[in-house]
Amino acid sequence: MNVSVLTFSPHLERSSLPIPDDLVFEIFSRLPSKAIARCCCISKFWASMLRSQDFTELFLTKSFAHPQLLFVFKDDREIVFFSSPQPENPEENSYVVAANHLARFPGREFSCTTGFLCYGVNLIRNCEFEKVICNPSTGQALTLPRLNSRLRVGMDSYLGYDSIAKEFKLLSMNSSRVTDRWISKEHQVLTLGTKNSSWRLVECCIPHYTSRKWLCISGVLYYTASVNSSSLNSMVACFDLRSEKLSFVKFMETFSRTMHHSTTLVNYDGKLGLIMSRSSRHVSQANKSLELWVLRDAAKHEWSKHVHVLPPSWKDVVTETMRIIGMVGTSEIVLSPSFQYVPTYIIYFNIESKRIRKVGIQGLEAFLGKRSYTYLNYVENVKFI
């Protein structure tokens, strides 16, 4: 093949490519996402080709096959993103070098799904927040239309992706004080990437208070919720991105009393899973087991419970308070230190083999002192917002 046909000339036309589009897509899909973003600036032809649905879906499919760890650092002014390869079945004392700086944006609270993040920008002049969608892989950011609401504080947002309709949607709501307690109000949804995007009201049949524990699985947004801001989480809200209907799944009575801050939502083989430490709000050396609850039937509020006993080596590996950050596949629970502002390691616990492995993280020392968050299964997405 003549490599010169792939040089970045602004005068390239489709007729100058003597190779099929499928092969061109395959070649470009092997480039880093930042290189794709730069190629889109070469010419209108390159931009139309690399922003086409065929190419962006091919790139996303390849990214799903190689998920990454995403490290997010934030302070009062900005959010900074790093990524690294996500180890599969890591060996003892293996290391991950998190040297790939993705992007930085001005902002505060955020949520992440399928390569995109939503964060808030504080507007000091009127104490409001603007919502911004960004893509750390390409550096692109888009300010969203203002929420149609008279309430200007306490906004929560959840970003989801419908893989069938190929659409990103943002579910947002405000909080309002009712009889000295806070509940969510005015639920609205916005479809991204459409002309004349506008917010649409979503009917909510059960008053509730939202949380920052959420997950999107197969076109459904899940987040834990409580009756009000003064009570423990006692249900899971389920928002179907296609029908734009909001429903709720209750916990069984004995389960709701164990809903502590250690609970993490995970994708368990396409079903919603909840991992928690029954004995305390955090995971520590004193823990004997971890619990996994899997939602079997949302309509019947049916959950299955799995108790995974920790091996004796747990006490040797775990030397400080940990938090559950997620699950890889259906066998690896991953934890990170709770009070380390910059994580120096993460722990993999295989619930089948009972093996515990510590994986060191290098290359993040410059961010000591900043609050950090670690995400599993991050995928690069070159879709243009």
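Structural data are supplied above this passage.
An account of the accompanying structure is given in this report. (Residues numbered from 1 in each chain as written. Predicted model: local features only at pLDDT ≥ 70, side-chain atom pairs only at ≥ 80, totals over all residues. Heavy atoms only, no water.)

### A word on the overall build of the protein
Argument step 1. If you tally the helices and strands in the protein, you get six helices and 25 strands.
Argument step 2. Residues classed as buried in the protein amount to 52% of the 385 residues present.
Argument step 3. Counted over contacts in the protein with a minimum sequence separation of 6, partners at least 24 positions apart contribute 50%.
Argument step 4. Only carbon and sulfur atoms are counted for the fraction: they give 52% of the accessible area of the protein, which is about 18,600 Å². (Helix = DSSP H or I, 4+ residues; strand = E, 2+ residues; numbered from the N terminus. Buried < 20%, exposed > 50% of the residue type's maximum accessible area, 1.4 Å probe, protein only. Contact = heavy atoms within 4.5 Å. Areas by Shrake-Rupley, 256 points an atom, 1.4 Å probe, with all protein chains shown as cover.)

### Digging into the packing of aromatic side chains
Argument step 1. Evaluation of the coordinates by the stated rule reveals 10 aromatic pairs.
Argument step 2. Ring pairing ties together the aromatic residues Phe25, Phe55 and Phe59, which thus form one cluster.
Argument step 3. Positioned over the ring face of Tyr345 is Lys358, at 4.5 Å from the centre of the ring. (Phe/Tyr/Trp six-rings, centres within 6.5 Å; stacked < 30°, edge-to-face > 60°. Lys NZ or Arg CZ within 6 Å of the ring centre and 35° of its normal.)

### Digging into the pattern of salt bridges
Argument step 1. For the coordinates displayed, the defined rule picks out eight salt bridges.
Argument step 2. Note that Arg200 is salt-bridged to Glu244, the shortest N-O span being 2.6 Å. Here Arg200 is found in strand β12 (residues 200-201), whereas its partner Glu244 is found in the loop between β15 (235-240) and β16 (245-250), with 44 residues between them in sequence.
Argument step 3. You can call Arg200 partly exposed: its relative accessible area is 29%. (Salt bridge = Lys/Arg side-chain N within 4 Å of Asp/Glu carboxyl O.)

### Focus on the pairing of strand β9 (residues 156-162)
Argument step 1. Within β9, seven of the seven residues are buried, which leaves it mostly tucked inside the rest of the structure.
Argument step 2. Going residue by residue along β9, you find Asp156, Tyr158, Gly160 and Asp162 tucked away on one face and Ser157, Leu159 and Tyr161 tucked away on the opposite face as well.
Argument step 3. In sequence, β9 turns back onto strand β10 (residues 167-178) through a hairpin of four residues, with Lys166 there showing a positive phi of about 55°. (Pairing = 2+ DSSP bridges.)

### Remarks on the layout of surface pockets
Argument step 1. Reported here for the second largest pocket is a volume of approximately 260 Å³.
Argument step 2. Together, 13 residues line the second largest pocket, and Phe59, Ser63, His66, Gln68 and Glu380 are the ones closest to its centre.
Argument step 3. When residues in the lining of the second largest pocket are grouped by element, the largest group, three residues, is from helix α4 (residues 53-65).
Argument step 4. Looking at side-chain class alone, the lining of the second largest pocket contains four nonpolar, six polar and three charged residues. (1 Å grid on protein atoms, 1.4 Å probe; cavity = no way out; pocket = protein on both sides within 12 Å on 5 of 7 lines; lining within 4 Å. Points joined across faces, edges and corners; volume = space filled by probe spheres on them. Nonpolar A, V, L, I, M, F, W, Y, C, P; charged D, E, K, R; others polar.)

### Overview of the environment of His301
Argument step 1. Relative to the helices and strands, His301 resides in the loop between β19 (289-297) and β20 (302-309).
Argument step 2. The spatial distance from the C-alpha of His301 to the C-alpha of Phe251 is 7.1 Å, given a sequence separation of 50 residues.
Argument step 3. Non-local contacts of His301, meaning those with residues more than four positions away in its chain, are made with Phe248, Val249 and Lys250.

### Brief notes about the nonpolar core
Argument step 1. Grouped together as the largest cluster of nonpolar side chains are 21 residues, with contacts concentrated most on Met327, Ile333, Leu335 and Ile347.
Argument step 2. Of all the secondary structure elements, the ones that give two or more residues to this core are β17 (264-268), β19, α6 (314-317), β21 (322-328), β22 (332-337) and β23 (345-350).
Argument step 3. Ignoring sequence-local partners within four residues, the contact set of Leu335 consists of Val283, Trp314, Met322, Arg323, Ile324, Ile325, Ile346 and Ile347. (Core = buried A, V, L, I, M, F, W, Y, C linked by side-chain atoms within 4.5 Å.)

### Digging into the sheet that holds β20
Argument step 1. With respect to topology, four strands assemble into an open sheet ordered β17-β18-β19-β20, the strand pairing being antiparallel. On the outer flanks of this sheet lie β17 and β20, each paired with one strand and no other. The mean inter-strand angle of the sheet, taken between neighbouring strand axes irrespective of direction, is 30°.
Argument step 2. Across eight bridges, the pairing between β19 and β20 is antiparallel. Within β20, the position partnered with Leu295 by the bridge is Trp303. (Axes fitted to C-alpha atoms, helices over the stretch in contact; angles between N-to-C directions.)

### Examining unusual backbone geometry
Argument step 1. Although it is not a glycine, Ser218 adopts a positive phi angle of roughly 50°.
Argument step 2. Relative to the helices and strands, Ser218 resides in the loop between β13 (214-217) and β14 (220-225).
Argument step 3. What makes Ser218 exposed here is its relative accessible area of 64%.
Argument step 4. For Lys354, which is not glycine, the phi dihedral falls at a positive 65°.
Argument step 5. With respect to the helices, strands and loops of the structure, Lys354 is situated in the loop between β23 and β24 (356-362).
Argument step 6. Residue classification places Lys354 among the partly exposed positions, given a relative accessible area of 29%.

### As for the sheet that holds β12
Working definition: the strands of a sheet are paired by backbone hydrogen bonds and lie parallel or antiparallel to each other.
Argument step 1. The four strands lie next to each other as β9-β10-β11-β12, forming an open sheet whose pairing is antiparallel. Across the chains shown, the open sheet's two edge strands, defined by having one partner strand only, are β9 and β12.
Argument step 2. Where β9 and β10 come together, seven bridges link them in antiparallel fashion. Across the sheet, residue Tyr158 finds its bridge partner in β10, namely Leu171.

### What to know about α4
Argument step 1. Helix length check: α4, at 13 residues, gives a terminal C-alpha distance of 19 Å against a target of 18 Å (1.5 Å per residue), a fit within 8%.
Argument step 2. Those residues of α4 that sit buried are Phe55, Thr56, Phe59, Leu60 and Ser63. Along the axis of α4, the buried residues cluster in a sector spanning 130°; they form a single face. Counted as exposed and oriented over 90 degrees from the buried face of α4: Gln53, Asp54 and Thr61. (Expected span 1.5 Å × (residues − 1). Arc of directions from axis to C-beta.)

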